[in-house]
Amino acid sequence: MKVFFSFFLSGLVMLFALQAQANNFDATYKLGAGDTISILVYGEEELTMETLLSDSGRINYPFLGQITVKGLTIEKLKDIIQKGLEGDYLINPSVHVSIVEYRPFFINGEVKQPGGYAFQPGLTVNKAVALAGGFTPRASKSNIYVSSSDLPDQKPKPVELDTNIMPGDIVTIEQSFF
C-alpha cells in the first residue's frame, strides 16, 4: 500500500510539474496560423467561441469585429477582448483565452515517417524524431536544421537533438556521409 501511495504521489507531482511547464509556455507563446484557441466570457454564451486561426491571423469576434491575433500572447488577446467588451457591452467582463491545439510542426529528411505532427509543450528534436518513427539508417545525428514558419526568409539554423522546437517549426534531418 505504501508503494502504491508513493507511486501515486510522485505521479501527481509530475503531472503538476508538466501542467506548470505548459502554463509557462502558454504565457510567452505567440499565436499563429493553425492554432486553435478558445475564448470564454463567463455568463455570456454568445461571446464564447472556439476557432482555428487562418493565414490572415485575424478572427471575427462578436461586437468587436476583426481582431488581429497573430503574434499576440493569450494574455494580451484576453486583455484586448476584455477592454473591448467593457463599458458599452458588459460592466465587468470575465474573459478566459486558452490554446486548444497548437499548430503542427513538420519533420522531413532522414526519418521513417516525415510529415506534420501535433505539437506538445516541451517537444525537442529528439522527441520529434521519435514521433516520426525514428531515424533512417542513413540519417545524420549531427546535421539537423530547424526553420520557423514564422520567419520564412530566415536561413535554417543547425541544432542539437535536445533543442526545443516550437509550433510551426520545420525540422530537417540530413543524410550522413558514412
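Residues numbered from 1 in each chain as written. Predicted model: local features only at pLDDT ≥ 70, side-chain atom pairs only at ≥ 80, totals over all residues. Heavy atoms only, no water.

So, on to the nonpolar core. The biggest cluster of nonpolar side chains holds 40 residues, and the ones touching the most others in it are Leu31, Leu77, Ile107 and Ile173. When contributions to this core are tallied by element, the ones reaching two or more residues are β1 (36-41), β3 (58-61), α2 (74-85), β5 (95-101), β6 (105-109), α3 (125-131), β8 (139-148) and β10 (169-175). Once residues within four sequence positions are removed from consideration, Ile107 is found in contact with Pro114, Gly115, Tyr117, Ala128, Val129, Ala132, Val171 and Ile173. (Core = buried A, V, L, I, M, F, W, Y, C linked by side-chain atoms within 4.5 Å. Buried < 20%, exposed > 50% of the residue type's maximum accessible area, 1.4 Å probe, protein only. Helix = DSSP H or I, 4+ residues; strand = E, 2+ residues; numbered from the N terminus. Contact = heavy atoms within 4.5 Å.)

Attention now goes to the pattern of salt bridges. Where charged atoms from two side chains of opposite charge approach closely, those side chains can pair. As enumerated under the stated definition, the model contains three salt bridges in all. Ionic pairing is found between Lys78 and Glu75, a salt bridge with its closest N-O pair at 3.7 Å. Linking Lys78 with Glu75, this pair stays in helix α2, spanning three residues, or about one helical turn. Take Lys78: its relative accessible area is 18%, and that puts it in the buried class. When its relative accessible area of 43% is taken as the criterion, Glu75 is described as partly exposed. Taken together, the shared-partner salt bridges in this structure form one network comprising Glu75, Lys78 and Asp79. (Salt bridge = Lys/Arg side-chain N within 4 Å of Asp/Glu carboxyl O.)

Turning our eyes to something else, we now look at the environment of Thr68. Position of Thr68 relative to the elements: it lies in strand β4 (residues 65-68). Residues Thr68 and Gly57 lie eleven residues apart in sequence; the distance between their C-alpha atoms is 5.8 Å. Not counting chain neighbours up to four residues away, the residues in contact with Thr68 comprise Gly57 and Arg58.

Here the focus is the packing of aromatic side chains. Evaluation of the coordinates by the stated rule reveals three aromatic pairs. Taking 5.2 Å as the distance between ring centres and 75° as the angle between the ring planes, the aromatic pair formed by Tyr102 and Phe119 counts as edge-to-face. Placement of the pair is Tyr102 in the loop between β5 and β6 and Phe119 in the loop between β7 (115-117) and α3, with a sequence separation of 17 residues. Phe119 sits in the buried class, given a relative accessible area of 6%. These aromatic residues form a ring-pair network of at least three members: Tyr29, Tyr102 and Phe119. (Phe/Tyr/Trp six-rings, centres within 6.5 Å; stacked < 30°, edge-to-face > 60°.)

What follows deals with the pairing of β4. Sheet topology note: the β3/β4 ladder contains four bridges and is antiparallel. Across the sheet, the residue bridging to Asn60 is Gln66, located in β4. If you look at the hairpin formed by β3 and β4, you'll find three residues sitting between the two strands, and Phe63 has a positive phi there, around 70°. (Pairing = 2+ DSSP bridges.)

What follows covers α2. Between its first and last C-alpha, α2 extends 16 Å over twelve residues, near the 16 Å set by a 1.5 Å rise per residue. Within α2 the residues assigned to the buried category are Ile74, Leu77, Lys78, Ile81 and Leu85. One face of α2 carries all of its buried residues, which in axial projection span an arc of 100°. Just past α2, the residue Gly87 takes up positive phi, approximately 100°. (Expected span 1.5 Å × (residues − 1). Arc of directions from axis to C-beta.)

Its volume calculated, the largest pocket comes out at about 370 Å³. As for the largest pocket, its lining consists of 22 residues, and the residues nearest its centre are Ser148, Asp150, Leu151, Met166 and Asp169. Elements supplying a minimum of two residues to the lining of the largest pocket: β8 and β9 (157-159). Of the residues forming the lining of the largest pocket, the biggest block, three residues, is contributed by β8. Among the residues making up the lining of the largest pocket, the classes are represented as eight nonpolar, seven polar and seven charged. (1 Å grid on protein atoms, 1.4 Å probe; cavity = no way out; pocket = protein on both sides within 12 Å on 5 of 7 lines; lining within 4 Å. Points joined across faces, edges and corners; volume = space filled by probe spheres on them. Nonpolar A, V, L, I, M, F, W, Y, C, P; charged D, E, K, R; others polar.)

Spatially, three strands are ordered β2-β1-β5 in an open sheet, and the strand pairing comes out antiparallel. The open sheet has two edge strands with one neighbour each: β2 (49-52) and β5. For this sheet the average axis-to-axis angle between neighbouring strands, irrespective of direction, equals 20°. Sheet topology note: the β1/β2 ladder contains four bridges and is antiparallel. Within the sheet, the bridge partner assigned to Thr36 lies in β2 and is Leu52. Packing against the sheet, α2 makes contact with β1 and β5, and its axis sits at approximately 140° to β5. (Axes fitted to C-alpha atoms, helices over the stretch in contact; angles between N-to-C directions.)

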